[in-house]
Each structure stands twice: as structure tokens, then as C-alpha cells.
Amino acid sequence: MTDMPDTTLTSDPSYHVDSAEESDDAAGYYVPGAPIADTKAPGGPIDEQWDARKFEARMVSPTNRRKLSVIIIGTGLAGASAGATLGEAGYHVKSFCYQDSPRRAHSIAAQGGINAAKNYKEDGDSVHRLFYDTVKGGDYRSRESNVYRLADVSTNIIDQCVAQGVPFAREYGGLLDNRSFGGVQVSRTFYARGQTGQQLLIGAYQALERQVRAGTVTTYTRHEMLELVVVDGRARGIIARDMVTGAIETHLADVVVLASGGYGNVYYLSTNAMGSNVTASWRAHRKGAYMANPCYTQIHPTCIPVSGAHQSKLTLMSESLRNDGRIWVPKDKADCTKDPRDIPEADRDYYLERIYPSFGNLVPRDIASRAAKYQCDDGRGVGPEVDGVRRGVYLDFADAIARLGRDAIEEKYGNLFDMYARITGENPYEVPMRIYPAVHYVMGGLWVDYDLQSSLPGLFVTGEANFSDHGANRLGASALMQGLADGYFVLPHTIRDYLADGPFDTVEEDHPAVLEARAAVQERIEHFLTVNGTRSVDSYHRELGNIMWEYCGMERSEDGLKKAIDLIRTLRDDFHRNVKVLGSADSLNQSLEKAGRVADFLELGELMCIDALNRRESCGCHFRAESQTEDGEALRHDDLYAYVAAWEFTGSPNPGGTGASAWADQMGAPVLHKEELTYSAIEMKQRSYK
Ligand SMILES: Cc1cc2nc3c(=O)[nH]c(=O)nc-3n(C[C@H](O)[C@H](O)[C@H](O)COP(=O)(O)OP(=O)(O)OC[C@H]3O[C@@H](n4cnc5c(N)ncnc54)[C@H](O)[C@@H]3O)c2cc1C
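Residues numbered from 1 in each chain as written. Predicted model: local features only at pLDDT ≥ 70, side-chain atom pairs only at ≥ 80, totals over all residues. Heavy atoms only, no water.

Student: Any details on helix α13 (residues 512–531)? Residues and values, ideally.
Tutor: An ideal rise of 1.5 Å per residue puts 28 Å on 20 residues; α13 measures up with 28 Å between its terminal C-alpha atoms. Positive phi appears at asparagine 532, one or two residues downstream of α13, with a value of about 55°. (Helix = DSSP H or I, 4+ residues; strand = E, 2+ residues; numbered from the N terminus. Expected span 1.5 Å × (residues − 1).)

Student: An account of the pattern of salt bridges is needed here, citing residue identities and associated values.
Tutor: Side-chain pairs of opposite charge can arise whenever the charged atoms involved come near each other. For the structure shown, the criterion picks out 62 salt bridges. In this structure, aspartate 335 engages lysine 338 in a salt bridge whose closest nitrogen and oxygen atoms are separated by 3.0 Å. Accessibility expressed as a relative area gives 40% for lysine 338, which makes it partly exposed. (Salt bridge = Lys/Arg side-chain N within 4 Å of Asp/Glu carboxyl O. Buried < 20%, exposed > 50% of the residue type's maximum accessible area, 1.4 Å probe, protein only.)

Student: Could you give me a rundown of the site of the ligand, with the residues and numbers involved?
Tutor: The environment of the ligand is formed by 37 residues, the closest being Gln99, Ser107, Gly112, Met225 and Glu464. Between the ligand and methionine 225 there is a distance of 2.8 Å, counted from a nitrogen atom to a backbone nitrogen or oxygen. Contacts to the ligand include alanine 259, whose backbone N or O atom sits 3.4 Å from an oxygen atom. When the ligand is considered free in solution it has 1000 Å² of accessible area, and contact with the protein chains removes 97% of it. Contributing elements (two or more residues each) for the shell around the ligand: α3 (77–89), β7 (223–231), β18 (433–442) and α12 (478–499). Taken together, the residues of the shell around the ligand sort by class into 17 nonpolar, 17 polar and 3 charged. (Near = heavy atom within 4 Å. Polar contact = N/O pair within 3.5 Å; in protein donor to acceptor, adjacent residues only side chain to side chain. Areas by Shrake-Rupley, 256 points an atom, 1.4 Å probe, with all protein chains shown as cover. Nonpolar A, V, L, I, M, F, W, Y, C, P; charged D, E, K, R; others polar.)

Student: Could you give an account of the environment of glycine 379, with specific residues and numbers?
Tutor: Turning to its location among the elements, glycine 379 is positioned in the loop between α9 (365–377) and β15 (385–386). When its relative accessible area of 37% is taken as the criterion, glycine 379 is described as partly exposed. For the pair glycine 379 and tyrosine 91, spaced 288 residues apart in the sequence, the C-alpha separation amounts to 59 Å.

Student: Run through the sheet that holds strand β12 (residues 297–303), naming residues and quoting values.
Tutor: Reading across the sheet, the 5 strands line up as β12-β18-β17-β13-β14 and stay open at both edges, with antiparallel pairing between neighbours. Looking along the sheet, the strands with just one partner apiece sit at the ends: β12 and β14 (348–349). Across 2 bridges, strand β13 (residues 326–330) lies against β14 in antiparallel orientation. Across the sheet, the residue bridging to valine 329 is aspartate 349, located in β14. (Pairing = 2+ DSSP bridges.)

Student: Summarise the packing of aromatic side chains; cite the residues concerned and give the values.
Tutor: One pass over the structure, following the stated rule, counts 21 aromatic pairs. Ring geometry for phenylalanine 96 against tyrosine 220: centres 4.7 Å apart, planes inclined by 10°, an arrangement best described as stacked. Separated by 124 residues along the polypeptide, phenylalanine 96 in strand β3 (residues 92–96) and tyrosine 220 in strand β6 (residues 217–220) bring together distant segments of the chain. In this structure, phenylalanine 96 and tyrosine 220 share a single accessibility class: buried. Ring plane angle 45° and centroid distance 4.6 Å describe the contact between phenylalanine 417 and tyrosine 429, whose orientation is recorded as tilted. A residue pair is termed long-range when its members are at least 10 positions apart, and phenylalanine 417 in helix α11 (residues 406–424) and tyrosine 429 in the loop between α11 and β18 qualify at 12 residues. Looking at phenylalanine 417, the relative accessible area reads 0%, which means it is buried. The exposure class assigned to tyrosine 429 is buried, which follows from its relative accessible area of 13%. A connected cluster of aromatic rings, assembled from ring pairs, spans Phe397, Tyr413, Phe417 and Tyr429. (Phe/Tyr/Trp six-rings, centres within 6.5 Å; stacked < 30°, edge-to-face > 60°.)

Student: Account for the sheet that holds β6, naming residues and giving values.
Tutor: Each strand in a sheet pairs with another by means of backbone hydrogen bonds, the pair being arranged parallel or else antiparallel. Pairing is parallel in the open sheet, where 5 strands are placed in the order β6-β3-β2-β10-β20. One side of each edge strand has no neighbouring strand; the edge strands of this open sheet are β6 and β20 (459–461). In this sheet, adjacent strand axes meet at a mean angle of 20° when their direction is disregarded. As paired strands, strand β2 (residues 69–73) and strand β10 (residues 255–258) are joined by 4 bridges and run parallel to one another. Within β10, the residue paired with isoleucine 72 across the bridge is valine 257. In the packing of helix α6 (residues 196–214) onto the sheet, the strands contacted are β3 and β6, and the crossing angle to β6 comes to about 115°. (Axes fitted to C-alpha atoms, helices over the stretch in contact; angles between N-to-C directions. Contact = heavy atoms within 4.5 Å.)

Student: Describe the layout of surface pockets, with residues and values.
Tutor: Taken as a whole, the second largest pocket holds about 970 Å³ of empty space. As for the second largest pocket, its lining consists of 35 residues, and the residues nearest its centre are Asp387, Arg391, Asn546, Trp549 and Glu550. Contributions of two or more residues to the lining of the second largest pocket are made by α9, β18 and α14 (537–551). With 6 residues, the top contributor of residues to the lining of the second largest pocket is α14. Considered class by class, the residues forming the lining of the second largest pocket number 19 nonpolar, 7 polar and 9 charged. (1 Å grid on protein atoms, 1.4 Å probe; cavity = no way out; pocket = protein on both sides within 12 Å on 5 of 7 lines; lining within 4 Å. Points joined across faces, edges and corners; volume = space filled by probe spheres on them.)

Student: Tell me about the packing of helix α4 (residues 127–137) against helix α5 (residues 144–164), and name the residues and values.
Tutor: Taken N-terminus to C-terminus, the directions of α4 and α5 make an angle of 135°; their axes are 8 Å apart at the nearest point. Between α4 and α5, the interaxial angle falls into the category oblique. Crossing geometry of α4 relative to α5 is assigned as right-handed. The segment α4 lies against α5, with Val127, His128, Leu130, Phe131, Thr134 and Val135 engaging Glu144, Val147, Tyr148, Ala151, Asp152 and Ser154. Residues that form the contact of α4 with α5 fall into these classes: 7 nonpolar, 3 polar and 2 charged. (Parallel < 35°, antiparallel > 145°, perpendicular 65-115°, else oblique. Left-handed = near helix turned anticlockwise from the far one by under 90°.)

Structure (C-alpha cells):
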């Protein structure tokens, strides 16, 4: 007799379907504000809006473009594509990144692929289907106009990249090959083995370098933006630190674009590059840019499980592996320590195939992640015990190898299998991989309108840094699509409407707003170097990550989130009184760099919890224990929560002053501006993948 659970997914059956009555768990933690709306998307049929906007957007003549300047923070796919395109158009572009080369941006890590509605497989795909899948995948919490445009321009991206020489995988006949990703029933994911991000970034980087040579783009590597300069209510520049010499530099321009990536590292352990952080976005937020849906965090189901308490990085196994790998756990808890090859078919629970027969192993990420968690919570996890629990499920290729042959599997996923073998010491061709969910991507980010302009005029935000088009859950292979759509095809049209107001007044380096921003950077650096406490920056980061994972991770509850806010506030206060930052300000100092980033994470973490507390519904990745269907699926409350939560910062934009607590307590209760979400082209439904 096995102890296999029924199809119920819930981790705690004492929770029940919540009533949709209005109840504001976050009352007292925030201040309600005026509604906010996107005013840039033209009305009319959804498939005509983008053409209309492009036509309406005012033009800037080639001669005038040469007189206008743009700062772009970030050289990942979103930033490099924007830099190359705006440079090609003739604007003066200054491009910043903190890596030693633009092409080392985190985008290089992307493995699985990039979506586009080309319908090469003739399997029923279309722009409308990609639009529909994305809105549904995001659990009806994204802006319809933006998502349609994304689906629409997706096909151009592939053409652009092929023209640049990106070596997408091809079929025998020469057509570009496709594979499937979660949450869809077509094959629309273009890929370059398991290195899609790297190949796309090389394409964008080459285009950027071409403009460097042409003289339109200047790159600033090893430079970290530490403050935004706002003059008369408009973003006009940045203060950056040269990370090698420590010099504080002022850079001014007519418009600023943030393409600074996501903030998943607020959880400490994530699949993001170690350097990914929120500082550029958070500094802009403190200066007036609203932060939207910060609690929407994507937890990816197929990562290599945590193996011990001292780990500082998690590794993704691409979602593409779910095309051919089958996910299972032993039916019987007693089998969890056995060699998986000794467990017969009849004793295995292919739980995704069982619960979701229509989508099987290709359910969206949020659903696959929660399902894995519940199997492990139920005691049927596999692999080594960490803190008393086995947190792993099998991803098994035995069937696929038997069906297609080892060579075919190696050709598709060889580098991923090699990576897995190097990290775990196990051979995935012979023993099933072990996987477990890990923080991977953030759908939240700075609020932008249809033009990708933030609530702060002159500040545009692209790629993962904006709150994006993915609603409450991003479908696999859609981040690369969005970053390149923003940079190659959307921003170049929308930013010109803003720049058409030029020429703008010149801002001098001794303008009071510039001097104030520089002073704030210098004070902050001095503060970190003079606290001279006893704890390392990393230890604070790890503790924050544990709080976020425990209370604002795969499942959230009112009590847990309130506890997390208290814990974060105490931790933040302690950080500013007791952190130890070694070294000096005038040289390479990674401890100092991290201190600034962790200080910002400590503020962001609190806002994420307040956002999660306010949203007493489950949608996509945001699973509130109080709001689930009887069989444990996410239960939305469209009557109450069909909005984007755009948060305004109310504390001091430049904290400091007297005493350590002056640094820690300067958050203020954030103001919540709601952007109502309405759907005209798609009907809102409860999601089902069964
Ligand atoms: C392991 C992994 C695999 C993935 N695979 C896929 C996939 O197969 N398909 C898919 O669609 N998505 C995938 N994703 C998601 C996708 O890779 C990212 O969402 C996307 O690459 C983000 O691109 P970006 O240009 O917005 O930001 P990034 O690539 O993160 O670039 C950020 C840039 O901003 C710069 N920057 C940041 N802050 C500052 C600052 N303060 N000052 C100066 N510069 C700054 C950085 O130097 C960098 O150049 C994956 C993610 C991970 C973690």
C-alpha cells in the first residue's frame, strides 16, 4: 500500500477557499493613493493600436537627433538592443554596465530559448495565440495592449537576429527549429542549443559595438549607477562610481533609460548572476518612479536543488528539458532513498501528468513549482536532506533516450547535461536529474506606460527592470522576447515622441540637483565605510534572503508577511548600525559595492511584503494561502484585485543625517496607486491546465 496523496495540491488542507469579501491585510502599512492609468495606448482594435501609436509618435529629424543624448543603464539584451538601435538612429548614447564587458550582462546566462509567433510548425500558432497564452499564463494581471504588441513584434525579432547571424538551431530542411515551453500547446521557442541568451547577446553586442565605432555610442564598463539626477521633475542624468578607481562621476543627458535587469537576488539564493541587483531601479524609485507589483517573483521549477547551508548560487536547468524529461517522485516515502533506477514504473508518481493531463510536464512554471514543493512537503522528495527535508524531484530522460536515442538528446541538451554532471557529480544520461524550484525572474519592476516611460518623465525602463508584460507569471522564453522587443522595436519609436520636445535646457554639473545627488552618493559610501560593525554584508543578505524565501516565496500568508516585515525592519536597522565594510572608497571594493546593493534590497524586501500583503488573492506566482480553490489551485478575485499595484516612495529620497537609525528608518509608508486592468480582446477566466 502506498501513501500517495490524492490530486489535492494544497500544502495545508486547513486552508480553505476564501470569500471574496474586501479585506485589506495591509491596512496601516501603506497609504491609498489616486488611481494611475496608461494614457499612451491608443484606443481602437487591439491589433491596430501599435501601428497607430507609431504613427502618432512625433518625429525627430536626423539632424536634430545628433543634438540629443540618451543614457542607457544596462547592456543586457534590453539595453544593448536599445543602445544599438538608438545609436543607429543618430542619437548620442552613453551605455553603462558594471561588468568588464557589455557582453557579460546577465542575459548571457539564458539557456532555453526565445518565443515568436512564426508558426513554422503549422501547429496552430498565431500572434493572437501568443497574445492569449501570455495573458492567460500571466493569470490575467498584465496590460492587454502591451501584451498584444509584444506578440505582434515577436516575429520581427527573429528576423532581426537571423540577419545579425545568430546561429539558431535549424531543422534538416533548413528552417529554424522550434521547441515547446510551459503553458502552451504549440512549438514556438527558437533556440541555440542551451546558449540562446549568449548567442542573442553576441548579436546585440556586435550591433552596439558597430555604433561605438561609428561614434554614436560610448560605453562605460565597470561603472555602477548609484543615483538618478532629477531636474525640474525630469530625469536628466546619473551619478556613477567608477568601480576600478572609485571616482564619482556625473553623466547628464536629455533622457535616461534603465535596462538594469531584475532583482531576484533579494532572495540571496537565485539563478540570477551574482551581481544582479536592484540599485538602479531602487534609486529611481526613491526619486519618484513607481514600483509595480514588486511581489510577483517567478520561482522556476527546474533548478539544481540546494545542497547545503553555505551555498551562494543556484543553477537553472533550462525549462526546455521539460519537453523530453518526465517529472516524478516515488509513490512510497520509503522509496525516497533508493536508487531511482531500482524503483519500478508502477511505484512512480508522474504527478504533473496525473494532475494536469492536458499539459502534463509542460504546465506553467508557477504550477510546476508549487506542485514540486507540495510533493516534498509531503515527504516524497528525493536527494540529500537539507534542514531535515529532501527537496528534490526527478526529471527523467530514460523514456526520451529510449525513444529518440542518446545522440538526439545530447544534440538538444548536451551542454545542460554536462553542466548538471559537473555540479552534481551524477550522469543524467544514466540517473534521473534531481530538480527543485528556485527564484529565477521578477515580473515586478518599475511601472511604465505603453511608451515604456515610468511615472517620472524622461525615465524609460525596458527589459526585466520594468514591470513588464508578463502579469503575475511569465511564460518560459518570453523574457528574451520582451527585452529585445523593447530595445529593438518599441523604445526607438516611443522615446522619439519624448525627445521631440527637445532641445532641452542644458543642465550644468553644478546645478543644485546634481550636487545634491553627488553628495548623497558620497555620504552613503562614507556611511558604509564608517559603521565599522561586526557583521559581513553577505550575512545580512543571506538572512534577508531566508526571510523572503520563507514568508514571501512560493506560498504567502497574512501572518507570515506581517512577521517578515517586522523581521526586515529589525534587520535593516541592525545593518546600518552593525555592518562591517572593509577597504576604502578609492579603489576596487566589492564589499562596498555589495553594501549599497544589500541596503537597497533591505528596503525593497519590505515593499515586496507589503505588496503581497495587500493582494489577498492568489494569481500566477503569487500564492496566498488564504485564497485557493478546493483542489489547491490559485484563486483570483477579479472583482477586487484586477489591478496593477504601483507604489510610490514617500520616505526621504536621500537618507542620511544624524545617527545610524536615520539611515534605516527613512522608508515612510508607501502610497498605492492602482491601475485598473480591463480586457476587451480576451475574456478573463479562471486558469486551467487540466
Ligand atoms: C539562468 C537563467 C536562464 C534564463 N533563460 C531564459 C530563456 O531561456 N529565455 C528567456 O526568455 N529568459 C530566460 N531567462 C530570463 C532572462 O535571461 C532575463 O530576464 C533577461 O536576460 C534580462 O535581460 P535585461 O537586459 O533586462 O537585463 P540583464 O541581462 O540582467 O542586464 C542588466 C544590465 O544592467 C546593468 N546594470 C544593472 N544595474 C546597474 C547599475 N546600477 N549601474 C550600471 N549598470 C547596471 C548590468 O551591468 C547589465 O549590463 C533566464 C534567466 C536566468 C537567470
